[in-house]
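Residue strings, one per chain:
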Amino acid sequence: MEIMSQTSFANRQSVAVLGGGPGGYEAALAAAQLGAEVTLVERVGVGGSAVLTDVVPSKSLIATADAAVAISEATDLGVQFYAKGAHGKPLKPEIAINLAAVNKRLLALAGQQSEDMRATLLDAGVRILSGHGRLEGPNAIIVATGPGGTDFDRIEADTVVVSVGASPRELDSAKPDGERILTWTQLYDMKALPEHLIVVGSGVTGAEFASAYMNLGAKVTLVSSRDQVLPGEDVDAAHVLEKVFKRGGMQVLSKSRAEKVERTEDGVLVTLSDGRTVEGSHCLMAVGSIPNTAGIGLEEAGIELDASGHVSVNRVARTSVPNVYAVGDCTNFFPLASVASMQGRTAVFHALGDIVIPLEHRKITANIFTAPEIATVGYSERDIENGAAEGISYKLPLAANPRAKMMGIKDGFVKIIARRGSGTVIGGVIVAPKASELIYPLAMAVERRMNVDQVSRVFAAYPSLTSSITDASRAMHEVNNA
C-alpha cells in the first residue's frame, strides 16, 4: 500500500511527540507514514539518551571489549602474535586499549546515528523542535526554545505521545561527580582505562559494564546486594556469567550492599553495610533509573502515574487520558529500547485507526550484552516453578556443539521451555557469543506458537551454533507424548 493512500487512517490528524528516543522516533515516523501532521519535541537530539549516552555508546564499547577478547584468545586457535626483537628473537606483544580513542569513536557513532534518525524524520515530513517540552493539558505541549529557553512554542494536537525516557538513579550517599564517582552516562569522559573500577549494582547495566571493562583490561570489583549476579535472570545463565567473571579475575562481592561511596585523594572508597571497605580508582553507580516524568505537566493533565513516577499504560501504550499515549522507559511496561520502538508504533496505529496488535510481555525478547551474552524470551523456569505456566525445560550445553568447538567457545547453553503435553515452545534462554542473534528462532517459535517438533524439523546449517536449537528441540520430542 502506498503511503499517500494511507492518509485515510489519519484524516490529517495532528500528532505531537514529546521526546525523541527510540519510542518517540518510531511514533513520529509511523504517524508521518500514515499521513498525520507530526511534531517531535526533543531537548538533547533525535534518538534521545538511548542513542547519545546509553545504548549506542555502551554497546559500541562492548564491541571493542569483544574485539580485545578475540585477539587475546586467538592463541588458543593457533594464531600467534609477536614482534621481532634483538637478533630476531620474538617479543611477546601486549594488547593496549586507547580508551580516549575508543570513547571518541563511540560518541561519534552515537552522534552520527542521531543525525541519521533526524534526517529520516525530516524526509518523512516530521517537524522537529529542539527544546524542553511540557504538557499543557491533554491536547497541547509548550516548548521552551531559543537561548536560555526564553522563547516558547505551543503545539496543539489530537494525539500526544509521551516518550521522555529515564535517567540514572543517584544516591545521596554516593553522589556522582563525573570524574571518580560516575553514572553510566559519564563513563565516556574517561581518557584512560581505570586502574580499578568498582561497579555498584549487579543488574543488567552493572553486569554489562563490569564485563566490558574487565575484558578491556581493567581490574574490576562488582558489588552485588543479592546472592547472585543478575538476580532477576535465569539462574543457570547467572551462574555461567559469574563463573566467567571470576575466571577473568573479577572480584564479585555477593550479598554486599554499598552503604556509601566517597572520593579520596586519588580514587574512591566504597563502604559496605557490614563495615568492610573497598578502595578503587573509579566507581560506577549502576543502581537503577528514574523516569523523567516530574515537572512536565502529566499529573495536571490527568495522566495516572504509579508510585515510582512511571506512566501507567495498557498494552497499546494508552494512558488514563484517552488521547495521550506513553512509551519507553518512562512507562511501567518494560524498559527496553526495542520495546519502546514497538510501543511507539503500536500507540500511533491505535490512535490513528490502523490495525494494531496489543503487546504481550511473554513475547518480548531481551538481551544482556555481557561476554557471553544472555538472551531470553517468553516464560522462564522461575515462572514454571511459581505456577505461572505449566511446562518443562531442556538445557543443552553449547560446548557440545561442533561449531562452538571450532570457535573455541567453552561457556554457554541453549535452554528451551515448552508446555507439557503439547510441546508448544513458551520460552527460551541462550547464553552464547551473539546470543542476541541466536534467540530469534526461539522468539519466532514463541510468537507463532510452534511446538518443539516443528522447530526441530527446520533445517539448520552444519556446522552452526543454531543447530543447538534444533538439537535441543529434537531432544524434547517426548514432551508431545507426556
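Residues numbered from 1 in each chain as written. Predicted model: local features only at pLDDT ≥ 70, side-chain atom pairs only at ≥ 80, totals over all residues. Heavy atoms only, no water.

Student: Any chance you could explain the nonpolar core here in plain terms?
Tutor: Across soluble globular proteins, nonpolar side chains show a tendency to be buried alongside one another. Residues Leu 61, Phe 209, Tyr 213, Val 220, Val 229, Phe 245 and Met 250 are the most contacted members of the largest nonpolar core, which totals 38 residues. Elements with a minimum of two residues in this core: helix H4 (55-72), helix H5 (99-123), strand S12 (196-200), helix H6 (204-216), strand S13 (219-223), helix H7 (235-247) and strand S25 (425-432). Of all the elements, H6 adds the most residues to this core, at 7 residues. For Val 229, the contacting residues outside a window of four places in its chain are Ser 202, Ala 207, Leu 222, Ala 238, Leu 241, Glu 242, Phe 245 and Val 252. (Core = buried A, V, L, I, M, F, W, Y, C linked by side-chain atoms within 4.5 Å. Buried < 20%, exposed > 50% of the residue type's maximum accessible area, 1.4 Å probe, protein only. Helix = DSSP H or I, 4+ residues; strand = E, 2+ residues; numbered from the N terminus. Contact = heavy atoms within 4.5 Å.)

Student: Looking at this structure, I do not really get the confidence of the model for the protein. What am I missing?
Tutor: Interpretation of this model should avoid reading the predicted coordinates in detail wherever pLDDT is low. Across the protein, the average pLDDT comes to 93, with 97% of residues at 70 or higher. Per-residue pLDDT stays below 50 along residues 1-9; that stretch engages in 12 contacts with residues further than four places along the chain or on separate chains. (pLDDT = per-residue confidence, 0-100.)

Student: Which parts of the structure should I look at to understand the pattern of salt bridges?
Tutor: A side chain of one charge can pair with a side chain of the opposite charge if their charged atoms are brought near each other. Within this structure, the stated rule accounts for 20 salt bridges. In this structure, Glu 170 and Lys 175 form a salt bridge, with 3.4 Å as the shortest nitrogen-oxygen distance. Exposure remark for Glu 170: the relative accessible area of 42% places this residue in the partly exposed category. The residue Lys 363 makes a salt bridge to Glu 447 at a minimum N-O spacing of 3.8 Å. (Salt bridge = Lys/Arg side-chain N within 4 Å of Asp/Glu carboxyl O.)

Student: Even after reading the chapter, I still don't get the sheet that holds strand S9 (residues 159-162), so can you show me in this structure?
Tutor: Strand pairing in a sheet is mediated by backbone hydrogen bonds. Such pairs are either parallel or antiparallel. The strand order S5-S2-S1-S9-S20 describes an open sheet built from 5 strands, whose pairing is parallel. Here the strands that pair on one side only, and so sit at the sheet edges, are strand S5 (127-130) and strand S20 (324-326). Averaged over neighbouring strand pairs, the angle between their axes works out to 20 degrees when direction is ignored. With 4 bridges joining them, strand S1 (residues 14-18) and S9 adopt parallel strand pairing. Bridged to Ala 16 within S9 is Val 160. (Pairing = 2+ DSSP bridges. Axes fitted to C-alpha atoms, helices over the stretch in contact; angles between N-to-C directions.)

Student: Which parts of the structure should I look at to understand a negative patch on the surface?
Tutor: A cluster of acidic residues, Glu 195, Glu 265, Asp 266 and Glu 279, forms a negative patch at the surface. Relative to the elements of secondary structure, Glu 265 occurs in the loop between strand S15 (258-263) and strand S16 (268-272). (Patch = residues over 30% accessible without salt bridge, like charges linked within 9 Å, V, L, I, M, F, W, Y side chains within 5 Å. Areas by Shrake-Rupley, 256 points an atom, 1.4 Å probe, with all protein chains shown as cover. Lys, Arg positive; Asp, Glu negative; His and termini not counted. Charge placed at Lys NZ, Arg CZ, Asp CG, Glu CD.)

Student: What am I meant to see in unusual backbone geometry here?
Tutor: The general pattern is negative phi for most residues beyond glycine and trans for most peptide bonds. Omega for the bond connecting Ala 371 with Pro 372 falls within 30 degrees of zero, at 5 degrees, which places this linkage in the cis form. If you trace the backbone, Pro 372 turns up in the loop between strand S21 (365-368) and strand S22 (373-378). Following Tyr 462, the chain continues to Pro 463 via a peptide bond in cis, the omega torsion being -5 degrees. Although it is not a glycine, Leu 230 sits at a positive phi angle of roughly 50 degrees.

Student: What am I meant to see in a nonpolar patch on the surface here?
Tutor: On the surface, a nonpolar cluster with roughly 440 Å² of combined accessible area is contributed by Ile 71, Leu 77, Val 79, Phe 81 and Ile 95. Take Ile 95: it is sitting in the loop between strand S4 (90-91) and H5.

Student: Before we go on, may I ask you to explain H6 in this structure?
Tutor: Because each turn of an α-helix spans 3.6 residues, side chains separated by three or four positions end up pointing in the same direction. The terminal C-alpha atoms of H6, which comprises 13 residues, lie 18 Å apart, in line with the 18 Å expected from a rise of 1.5 Å per residue. Taking burial as the measure, the 13 residues of H6 include 11 buried ones, the bulk of the element. Buried within H6 are the following residues: Gly 206, Ala 207, Glu 208, Phe 209, Ala 210, Ser 211, Ala 212, Tyr 213, Met 214, Asn 215 and Leu 216. Residues of H6 that are buried sit in contact with H4, S12, S13, H7, strand S18 (282-285) and S21. (Expected span 1.5 Å × (residues − 1).)

Student: I tried to follow the packing of helix H2 (residues 22-33) against helix H8 (residues 337-351) on my own but got confused; where do I start?
Tutor: Geometrically, a packed helix pair is captured by the angle between its two axes and the distance between the axes. One way to put it is that H2 packs onto H8 with a least axis distance of 7 Å and a crossing angle of 30 degrees. Looking at the two axes, H2 sits roughly parallel to H8. Seen along the crossing, H2 lies across H8 with a hand that is right-handed. Contact residues: H2 offers Pro 22, Gly 23, Glu 26, Ala 27, Ala 30 and Ala 31, while H8 offers Ala 337, Ala 340, Ser 341, Gly 344, Arg 345, Val 348 and Phe 349. Across the contact of H2 with H8, the residue classes tally to 8 nonpolar, 3 polar and 2 charged. (Parallel < 35°, antiparallel > 145°, perpendicular 65-115°, else oblique. Left-handed = near helix turned anticlockwise from the far one by under 90°. Nonpolar A, V, L, I, M, F, W, Y, C, P; charged D, E, K, R; others polar.)

Student: It is not clear to me how helix H12 (residues 440-447) should be interpreted in this structure. Could you clarify?
Tutor: Among all positions in H12, only Leu 442, Ala 443, Ala 445 and Val 446 are buried. The arc that holds every buried residue of H12, seen down its axis, measures 160 degrees, which confines them to one face. Buried residues in H12 make contact with S21, S22, strand S24 (413-419), S25, helix H13 (452-456) and helix H14 (467-475). Directly beyond the C-terminal end of H12, a positive phi value near 55 degrees is found at Arg 449. (Arc of directions from axis to C-beta.)

Student: Whenever I open this one, the packing of aromatic side chains confuses me. Can you help?
Tutor: Centre distance and the angle of the planes are the two values used to describe a pair of aromatic rings. Counted under the stated rule, the structure contains 1 aromatic pair. Residue placement shows Lys 395 over the ring face of Phe 413; its charged tip is 5.2 Å from the ring centre. (Phe/Tyr/Trp six-rings, centres within 6.5 Å; stacked < 30°, edge-to-face > 60°. Lys NZ or Arg CZ within 6 Å of the ring centre and 35° of its normal.)

Student: Would you mind showing me how to read the layout of surface pockets here?
Tutor: The rolling of a water-molecule-sized probe over the atoms marks out the regions of remaining empty space. In this structure, the second largest pocket encloses a volume near 1,000 Å³. Along its surface, the second largest pocket is lined by 31 residues, and Val 69, Ala 70, Glu 73, Ala 371 and Pro 433 are the ones closest to its centre. When residues of the lining of the second largest pocket are traced back to their parent elements, those giving at least two are H4, H6 and H7. Element by element, the count of residues in the lining of the second largest pocket is highest for H4, at 5 residues. Split by residue class, the lining of the second largest pocket holds 17 nonpolar, 6 polar and 8 charged. (1 Å grid on protein atoms, 1.4 Å probe; cavity = no way out; pocket = protein on both sides within 12 Å on 5 of 7 lines; lining within 4 Å. Points joined across faces, edges and corners; volume = space filled by probe spheres on them.)

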